[in-house]
Amino acid sequence: MPRKVNCSFCGDEIAPGTGLIFVRKDGVAFNFCTRKCEKNMLSLGRKSRKVRWTEEYKKEKTLRTKK
Ligand SMILES: [Zn+2]
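Reading guide: rules and limits
- Sequence order as written defines the numbering, with residues in each chain counted from 1.
- Totals for whole chains, interfaces and linings use every residue, but because this is a predicted model, local features are given only for residues with pLDDT of at least 70 and side-chain atom pairs only at 80 or more, for both listing and counting.
- With hydrogens and water stripped out, all remaining heavy atoms of the structure feed into the side-chain values.
- One bridge is not enough; two strands pair if DSSP finds at least two bridges between them.
- The helix and strand labels rest on DSSP assignments: H or I over at least four residues marks a helix, E over at least two residues marks a strand, and numbering proceeds from the N terminus.
- Note that water is not among the atoms used; donors are N, O and S atoms within 2.8 Å of the metal (3.2 Å for Na, K and Ca), so sites may look incomplete.
- Between 85 and 135 degrees for all angles marks four donors as tetrahedral; over 155 degrees for opposite donors together with 65 to 115 for all other angles marks four donors as square planar and six as octahedral; every other arrangement is irregular.
- Nonpolar core, defined: a set of buried Ala, Val, Leu, Ile, Met, Phe, Trp, Tyr and Cys residues in which side-chain atoms within 4.5 Å join the residues together.
- For every residue, the accessible area obtained with a 1.4 Å probe (protein chains only) is divided by the maximum for its type, and the residue is called buried under 20%, exposed over 50%, and partly exposed between those limits.
- The contact criterion used throughout is that any non-hydrogen atoms of two residues lie within 4.5 Å.

A. Looking closely at the pairing of strand S4 (residues 29-32). One ladder, built from four bridges, connects strand S3 (residues 20-23) with S4; its direction is antiparallel. Directly across from Leu 20, in S4, lies its bridge partner Phe 32. Here S3 folds back onto S4 in antiparallel fashion, the turn holding five residues, of which Gly 27 has a positive phi close to 95°.

B. Representation of the coordination of the zinc ion within the structure. Around the zinc ion, the protein contributes the donor atoms Cys 7 (SG), Cys 10 (SG), Cys 33 (SG) and Cys 37 (SG), which lie 2.2 to 2.3 Å from the metal centre. One can describe the donor arrangement at the zinc ion as tetrahedral, given that its four donor atoms subtend angles of 106 to 115° at the metal. As a motif over one chain, the donors of the zinc ion read C-x2-C-x22-C-x3-C.

C. Focus on the nonpolar core. Core analysis: the biggest nonpolar cluster contains eight residues, these being Cys 7, Phe 9, Cys 10, Ile 14, Phe 30, Phe 32, Cys 37 and Val 51. Dropping the residues within four chain positions of it, Val 51 is found in contact with Phe 9, Arg 46 and Tyr 57.

Below, the structure written as structure tokens:
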């Protein structure tokens, strides 16, 4: 049975049968919804907190504006 997973980078839900999984040498697995997310995290080394179109960024923003 397919499990619902969220993208490790943008936080979006990945529909079963789509997206890609990347497993690092040390065994940590990342789920990505698109190559865009994979590229941003792995090749560009960006932090999801600092990229505007991710869920993580939105969370940070709401926390920041609440204070
Ligand atoms: Zn994503």
